[in-house]
Amino acid sequence: MNFNRILNEVLGTVTKTAGKINKPSQNTAEKITQLGGGAALAGILSMVLGRSGGAKLTKLGSLAALGSIAYQAYQNYQKNQSTATNQKDGNLSEAAFNTTQQSEDKSVIILRTMIAAAISDGEIDEKERAIIAEEGGNDPELKQWVEQEIAHPITVAEIGRIVGNDTALATQVYLAARIVCQELTRKEIVFLSQLATALNLDDVLVEQLEKQAGF
């Protein structure tokens, strides 16, 4: 599967559809049926997000936008560092955040984190699972992947292990999760706190990421 393309479709489609689907229904199934590939995954994410009133993901319209927001936040973070010893990464260049040549592995971890964030506030009920299983778009491979990720979402510890010391990727992963967790329920707050720790993001950088994203 082309996960770069899928992630771009997800970011673009969720921007348009998040919050419009308030609960699982036949109408939900029909909407997801009309989607394919990454758009189907976006529809499923929108369905899940819709349970808590929806989310405004307008800042995440594309993979390039995600990298741009993360870079701007990182720049502001660097400016606020008083000494070089506090700059554990030196000063990452804009190229480090350039998503034009984003590897498939990076897109996969961002997608997996978004799914984990979307369902961090509660379980997917049987009706929702049925819709996902039956109306997951026209790509059997992607459908199976989505079902697996929802049934067994990635843990924050595993996210941290995969991202490793790649600060540029860590900022994008956290940013994607934060914009998914719009309502900030208790469970979402815990999830984001644990995620930031697993990604080795300090409080100042997290603050800049949230500020740049409009929170």
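Computed from a prediction, not measured in an experiment: that's the story for all the values here.

### Overview of the overall build of the protein chain
Broken down by element type, the protein chain carries 11 helices and 0 strands. Listing every helix and strand of the protein chain by position from the N terminus yields α-α-α-α-α-α-α-α-α-α-α. Within the protein chain, the proportion of its 215 residues that are buried is 48%. Across the protein chain, every contact between residues at least 6 apart in sequence was considered, and the portion connecting residues at least 24 apart equals 80%. Element-wise, carbon and sulfur atoms account for 47% of the exposed surface of the protein chain, whose accessible area totals about 10,100 Å².

### Some remarks on the packing of aromatic side chains
The final tally for this structure, using the stated rule, is 3 aromatic pairs. Each ring, one from tyrosine 71 and one from phenylalanine 97, has its centre 5.4 Å from the other, and the planes form 50 degrees; the classification is tilted. With tyrosine 71 in helix H4 (residues 63-79) and phenylalanine 97 in the loop between H4 and helix H5 (104-118), this residue pair connects regions lying 26 residues apart in the sequence. On the basis of relative accessibility, which here comes to 14%, the residue tyrosine 71 falls in the buried class.

### What about the environment of threonine 197?
Inspection of the secondary structure assignment puts threonine 197 in helix H10 (residues 186-198). Judged by relative accessible area, which is 56%, threonine 197 ranks as exposed. Measuring from C-alpha to C-alpha, the distance between threonine 197 and valine 156 comes to 8.8 Å, with 41 residues separating the pair along the chain.

### Structural notes on the confidence of the model for the protein chain
On average, residues of the protein chain score 75 in pLDDT, and 61% of them are at 70 or above. By mean pLDDT, the top-scoring element of the protein chain is helix H8 (residues 156-163) (97), and the lowest-scoring one is helix H2 (residues 26-33) (54). Per-residue pLDDT stays below 50 along residues 51-58; that stretch engages in 24 contacts with residues further than four places along the chain or on separate chains.

### Re the side chain of glutamate 149
Relative to the assigned elements, glutamate 149 resides in helix H7 (residues 140-151). Given a relative accessible area of 4%, glutamate 149 falls into the buried group. At 3.0 Å, the side chain of glutamate 149 and the side chain of arginine 112 are in polar contact. With sequence-adjacent residues up to four places away left out, glutamate 149 is seen in contact with Arg112, Ile115 and Ile154.

### Structural notes on H10
The α-helix advances 3.6 residues per turn, and as a result positions three or four apart in sequence lie on the same side. Taking 1.5 Å of rise per residue, the 13 residues of H10 would be expected to cover 18 Å, and the 18 Å separating its terminal C-alpha atoms lies within 8% of that figure. By the burial criterion, the buried members of H10 are Glu188, Phe191, Leu192, Leu195 and Ala196. An end-on view of H10 places all buried positions within 130 degrees of arc, on one side of the element. Counted as exposed and oriented over 90 degrees from the buried face of H10: Arg186 and Thr197. Phi for asparagine 200, located one or two positions after H10, is positive at around 60 degrees.

### Some words on H8
For H8, the complete set of buried residues consists of Val156, Ile159, Gly160 and Val163. Projected down its long axis, H8 carries its buried residues within an arc of 100 degrees, all on one side. Projecting away from the buried face of H8 at angles above 90 degrees are the exposed residues Ala157 and Arg161. Residues of H8 that are buried make contact with H5, helix H9 (167-180) and H10. The first or second residue beyond H8 is glycine 164, which carries a positive phi of 65 degrees.

Cut-off values and rules
- The residue numbers shown here count from 1 along each chain, following its written sequence.
- Reporting in this predicted model follows two pLDDT cut-offs: at least 70 for local features of residues, and 80 or more for side-chain atom pairs to be given and counted; totals over whole chains, interfaces and linings ignore these cut-offs and use all residues.
- Each side-chain value is derived from all of the structure's non-hydrogen atoms; neither hydrogens nor water enter the calculation.
- For helices the rule is a DSSP run of H or I covering at least 4 residues; for strands it is a run of E covering at least 2, with both sets numbered from the N terminus onward.
- Only protein chains enter the accessibility calculation, which uses a 1.4 Å probe; a residue whose area is less than 20% of its type maximum is buried, one above 50% is exposed, and one in between is partly exposed.
- Working rule for contacts: check all heavy atoms of both residues, and any pair within 4.5 Å makes them a contact.
- In short, Shrake-Rupley with a 1.4 Å probe defines the accessible areas, and a residue's cover is counted only from the protein chains shown.
- Ring pairs shown here join Phe, Tyr and Trp side chains whose ring centres sit within 6.5 Å, with only the six-membered ring taken for Trp; geometry is labelled stacked below 30 degrees between planes, edge-to-face above 60, and tilted in between.
- Values of pLDDT, ranging from 0 to 100, describe the predictor's confidence in every residue of the model.
- By the criterion applied in these results, polar contacts are pairs of N or O atoms within 3.5 Å in which, for protein atoms, one can donate a hydrogen and the other can accept it, and in which residues neighboring in sequence qualify only through two side-chain atoms.
- Expected helix span is given by 1.5 Å per residue-to-residue step, counting one fewer step than there are residues.
- Directions are taken from the helix axis to each C-beta atom, and the arc is the one they span.

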